[in-house]
Amino acid sequence: MQRSKYLKEKVRKLILAPIEDLTEKLNLIDNIKRLGVSYHFESEIEQILQNMHNNPPPLKGKDLHTISLWFRLLRQQGYHAPSDIFDQFRDENGDFNNSLVEDVVGMLSLYEAAYFGIHGEDALDQAIHFTSRHLKSRLSTMNPNLERKASHALDYPVRKGVPRLEARYYIPMYSAEASPNDPLLELALLDFHIVQLLHKEELQHVTEWWKKLDFVTKVPFARDRVVEAYFWPLGVYYEPQYIMGRTIVGKLIAVTSAVDDTYDAYGTLEELELFTEAFRRWDASPLDPVPECMKVVFHALLDLFNEMEFLTAKEGKSCFVPYVKETFQKLGEAYLVEAKWCNQGYIPTYEEYLENGVVTSCYPLLEIASFLGLANFATKHVFDWISNVPRIVRASSIICRLTDDLSSHKFERKRVHVASAVECLMNQHRISEEEAYQILEKELDNAWKDINEECMKAEGGVPKVVLDCVVNFSSVIELVYGKFADKYTHAELLKDHVAALVVDSVHNLQNK
Ligand SMILES: CC(C)=CCC/C(C)=C/CC/C(C)=C/COP(=O)(O)OP(=O)(O)O
């Protein structure tokens, strides 16, 4: 801890040193963020980027890497950097200059920047297309570390990266280029280690709680996924101060997963009506006729809400638990709608499906629950704001719903399951599966653009920390359900990522 304190001061001095070389300063800020230690320097970084936004440095004639990085760091911070800054790299037809292909580092930075595009910024869409095509084709000509960086970026652009995992994967890439005495590298390694110890303790606590519940025996149809459940909030906010939020959200996902399985795979429609009625009344009395295992799930949820009240009371935030409860009740109603559709063999229109699907994505619930852990940022204003499912929350829920539907479409068709977005589109427009997939991919792109727009507006006094949670939830679903694989249910596919965060020692990270 002492060494870490010393290193933090060294890095702080580097950040605050007068800007002599713009590229160097931007690289430093980017590295600090990507190595996962920027939470120690929030105000210093904000000050510099705000300055760079209010008094933009002379950028005309600068190289592609510097301009792209300036653009990305400002947008990442919530500032509106103009995208016409890239016009100088395009020809009279609007195409990116072919000479850029030689500048691999620049292309990589442009690629990362372009994911921060908003609606109408066609040049940035074009930039993603241009850079990904050329980066892919040049991978074999790059030096090993650059190749590693580029192939990682092609899979996980910074915009969609899960911060803690990205830090874990960036440390060895950075270390391959840093000098052995670099204080930033040492700080990153040490900090990862210190914070990982905390995560291990939390996971131990959550696992013990889960074992005591004994769903494995009492609710045998429920997925046994407590570690994967904890991975979710760890992806959303890993910093030490969010310990309570991680515990609450991790437990909530584990129980909600069993609720989802009850609606999806276990209860009859009559039983599910009673289950929903119990949530509506927040009382177990309607459950008398239902099987014992459903009662166990219900009581686990009630106990968890009591625990939430207890934990948040210490910070004077228990007044916000009813908001979470109400959002859970809406989830129960939406699950019941799905169960009825399924029971009747009804295929809704895509629009009808999505309205309900935003709720069954669980993201409005998980996001509002995650805000309980935001200490001073957990305000009535923030809870009122999210209760109305604002555009950014809707976008992240759409990303969750559609990514899940794309990943599980083929599996779920094999058993009785509510029609997914894919079938709704196919049925409504009489189109092929391929065409439905294309429409949904476009919907996902648009949802990310909504998110990017909302992050730049920072309207209505919603703090960046709050918006970052919503963005990170979107990134976690991309990781866990993206690339057409449900890695939550098929957990062996998630195992390496989990191990990277909570098992593997930091001492093995360098040069790995
Ligand atoms: C919907 C979704 C991916 C939510 C992610 C957040 C999360 C882990 C929520 C709790 C558990 C859950 C509903 C998992 C999805 O199962 P599923 O794939 O069987 O979901 P479905 O029954 O709604 O399709």
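Everything quoted here is computed from the prediction, not taken from an experiment.

Colleague: Is there a simple way to explain the domain arrangement of the protein in this structure?
Modeller: Accessible area lost upon the coming together of the parts is a frequently used measure of interface size. By domain assignment, the protein separates into domain 1 (2–186) and domain 2 (214–505). Using only C-alpha atoms to locate each centre, domain 1 and domain 2 end up separated by 32 Å. Counting residues at the interface gives 26 residues for domain 1, matched by 30 residues for domain 2. The junction of domain 1 with domain 2 conceals about 2,500 Å² of combined surface from both sides, 60% of it contributed by carbon and sulfur atoms. The tally of links between domain 1 and domain 2 comes to one salt bridge.

Colleague: Help me out: how do you make sense of the environment of Ala188 in this one?
Modeller: Residue placement: Ala188 occurs in helix 9 (residues 183–213). Ala188 sits 21 residues away from Ala167 along the chain, and the two C-alpha atoms are 8.6 Å apart. Those residues in contact with Ala188, other than ones at most four positions away along the chain, are Leu35, Val37 and Ile171.

Colleague: Looking at this structure, I do not really get the nonpolar core. What am I missing?
Modeller: Soluble globular proteins tend to bury their nonpolar side chains together. Grouped together as the largest cluster of nonpolar side chains are 184 residues, with contacts concentrated most on Phe86, Phe215, Trp232, Phe275 and Phe371. When we break this core down by domain, the ones giving at least three residues each are domain 1 (2–186) and domain 2 (214–505). Apart from the residues lying within four places of it in its own chain, the contact partners of Phe86 are Leu64, Ile67, Ser68, Phe71, Phe96, Leu110, Ala113 and Leu124.

Colleague: Can you walk me through the packing of aromatic side chains in this structure?
Modeller: Each aromatic ring pair is summarised here by two numbers: the centre-to-centre distance and the angle between the ring planes. Enumeration according to the criterion identifies 25 aromatic pairs in this entry. Residues Tyr111 and Tyr115 carry aromatic rings whose centres are separated by 5.2 Å and whose planes lie at 75° to one another, so their mutual orientation is edge-to-face. For Tyr111, a relative accessible area of 1% corresponds to the buried category. Judged by its relative accessible area of 19%, Tyr115 is buried. Chaining the aromatic ring pairs together yields one cluster made of Tyr263, Phe275, Phe279, Trp282, Phe298, Phe305, Phe328 and Tyr335. Positioned over the ring face of Phe96 is Arg90, at 5.8 Å from the centre of the ring. For the cation-ring pair, Arg164 lies above Phe192, with the distance from its terminal atom to the ring centre recorded as 3.7 Å.

Colleague: Just to check I follow, could you spell out the layout of surface pockets for this structure?
Modeller: By rolling a water-sized probe across the atoms, one finds the places where empty space is left. In this structure, the largest pocket encloses a volume near 1,100 Å³. Forming the boundary of the largest pocket are 43 residues, of which Lys33, Pro163, Lys464, Asp468 and Asn472 lie nearest the centre. Looking at the lining of the largest pocket element by element, the count peaks at eight residues for helix 22 (residues 464–481). When the residues that make up the lining of the largest pocket are grouped by side-chain class, the tally is 22 nonpolar, 11 polar and 10 charged. For the lining of the largest pocket, the two domains that each supply at least three residues are domain 1 (2–186) and domain 2 (214–505). Counted as a void, the second largest pocket has a volume near 860 Å³. Lining the second largest pocket are 31 residues, and of these Tyr115, Lys160, Glu441, Asp445 and Glu478 sit closest to its centre.

Colleague: Mind showing me how you'd approach the UniProt feature "domain: Terpene synthase N-terminal" (unreviewed entry) in the protein here?
Modeller: Sequence positions flagged by UniProt for "domain: Terpene synthase N-terminal" (unreviewed entry) are, in local numbering, residues 2–154. End C-alpha atoms of residues 2–154 are separated by 38 Å, and the span's content is 61% helix alongside 0% strand.

Colleague: Is there a simple way to explain the site of the ligand in this structure?
Modeller: As a structural note, the neighbourhood of the ligand is formed by 19 residues, with Arg223, Asp260, Asp264, Arg401 and Asp404 the closest of them. Within the side chain of Asp264, an N or O atom sits 2.6 Å from an oxygen atom of the ligand. For the ligand, an oxygen atom lies 2.9 Å from a polar atom in the side chain of Asp404. For the shell around the ligand, the secondary-structure elements that each account for two or more residues are helix 12 (243–266), helix 19 (391–413) and helix 22. Looking at the shell around the ligand residue by residue, the classes come out as eight nonpolar, four polar and seven charged.

Colleague: Would you mind going over helix 15 (residues 321–344) with me for this structure?
Modeller: In an α-helix there are 3.6 residues to a turn, and that puts residues three or four apart on one side. Here helix 15 spans 35 Å end to end across 24 residues, near enough to the 34 Å set by a 1.5 Å rise per residue. Just past helix 15, the residue Gly345 takes up positive phi, approximately 65°.

Colleague: How do you make sense of the pattern of salt bridges when you look at a structure like this?
Modeller: Any two side chains of opposite charge can pair if their charged atoms end up close together. Summed over all chains, the structure comprises 26 salt bridges. With its nearest N and O atoms 3.1 Å apart, the salt bridge here joins Asp87 to Arg90. For Asp87, a relative accessible area of 39% puts it in the partly exposed group. Assessed through its relative accessible area of 23%, Arg90 is described here as partly exposed.

Colleague: Honestly, the side chain of Glu166 in this entry has me stumped. Any pointers?
Modeller: Its location among the elements puts Glu166 in helix 8 (residues 163–175). For Glu166, which is buried and forms no salt bridge, the nearest opposite charge comes from Arg34, at a distance of 5.5 Å.

Colleague: Any chance you could explain the packing of helix 17 (residues 363–371) against helix 18 (residues 380–387) here in plain terms?
Modeller: Look at helix 17 against helix 18: their axes get within 11 Å of each other, and the N-to-C directions meet at 180°. In this view, helix 17 runs roughly antiparallel relative to helix 18, as classed from their interaxial angle. Facing helix 17, whose interface residues are Pro364, Glu367, Ile368 and Phe371, helix 18 presents Val382, Phe383, Trp385, Ile386 and Ser387. Residues of the contact of helix 17 with helix 18, tallied by class, amount to seven nonpolar, one polar and one charged.

Colleague: Honestly, helix 11 (residues 226–236) in this entry has me stumped. Any pointers?
Modeller: Burial runs high along helix 11: 10 of the 11 residues are buried. All of the buried residues along helix 11 are Val226, Glu228, Ala229, Tyr230, Phe231, Trp232, Pro233, Leu234, Gly235 and Val236. Close packing links the buried residues of helix 11 with helix 8, helix 9, helix 12, helix 17, helix 22 and helix 23 (495–502).

Colleague: It is not clear to me how unusual backbone geometry should be interpreted in this structure. Could you clarify?
Modeller: Look at Val389: it is not a glycine, yet its phi comes out positive at around 45°. With respect to the helices and strands, the residue Val389 is situated in the loop between helix 18 and helix 19. Given a relative accessible area of 33%, Val389 falls into the partly exposed group. Positive phi, close to 55°, is recorded for Lys483, a residue that is not glycine. As for its position among the elements, Lys483 is in the loop between helix 22 and helix 23.

How each quantity is defined
- Residues numbered from 1 in each chain as written.
- Predicted model: local features only at pLDDT ≥ 70, side-chain atom pairs only at ≥ 80, totals over all residues.
- Heavy atoms only, no water.
- Domains from an automatic or database assignment.
- Contact = heavy atoms within 4.5 Å.
- Buried area = accessible area lost by both parts, 1.4 Å probe.
- Salt bridge = Lys/Arg side-chain N within 4 Å of Asp/Glu carboxyl O.
- Helix = DSSP H or I, 4+ residues; strand = E, 2+ residues; numbered from the N terminus.
- Core = buried A, V, L, I, M, F, W, Y, C linked by side-chain atoms within 4.5 Å.
- Buried < 20%, exposed > 50% of the residue type's maximum accessible area, 1.4 Å probe, protein only.
- Phe/Tyr/Trp six-rings, centres within 6.5 Å; stacked < 30°, edge-to-face > 60°.
- Lys NZ or Arg CZ within 6 Å of the ring centre and 35° of its normal.
- 1 Å grid on protein atoms, 1.4 Å probe; cavity = no way out; pocket = protein on both sides within 12 Å on 5 of 7 lines; lining within 4 Å.
- Points joined across faces, edges and corners; volume = space filled by probe spheres on them.
- Nonpolar A, V, L, I, M, F, W, Y, C, P; charged D, E, K, R; others polar.
- UniProt positions renumbered as here; feature names shortened; annotations may be inferred.
- Near = heavy atom within 4 Å.
- Polar contact = N/O pair within 3.5 Å; in protein donor to acceptor, adjacent residues only side chain to side chain.
- Expected span 1.5 Å × (residues − 1).
- Lys, Arg positive; Asp, Glu negative; His and termini not counted.
- Axes fitted to C-alpha atoms, helices over the stretch in contact; angles between N-to-C directions.
- Parallel < 35°, antiparallel > 145°, perpendicular 65-115°, else oblique.

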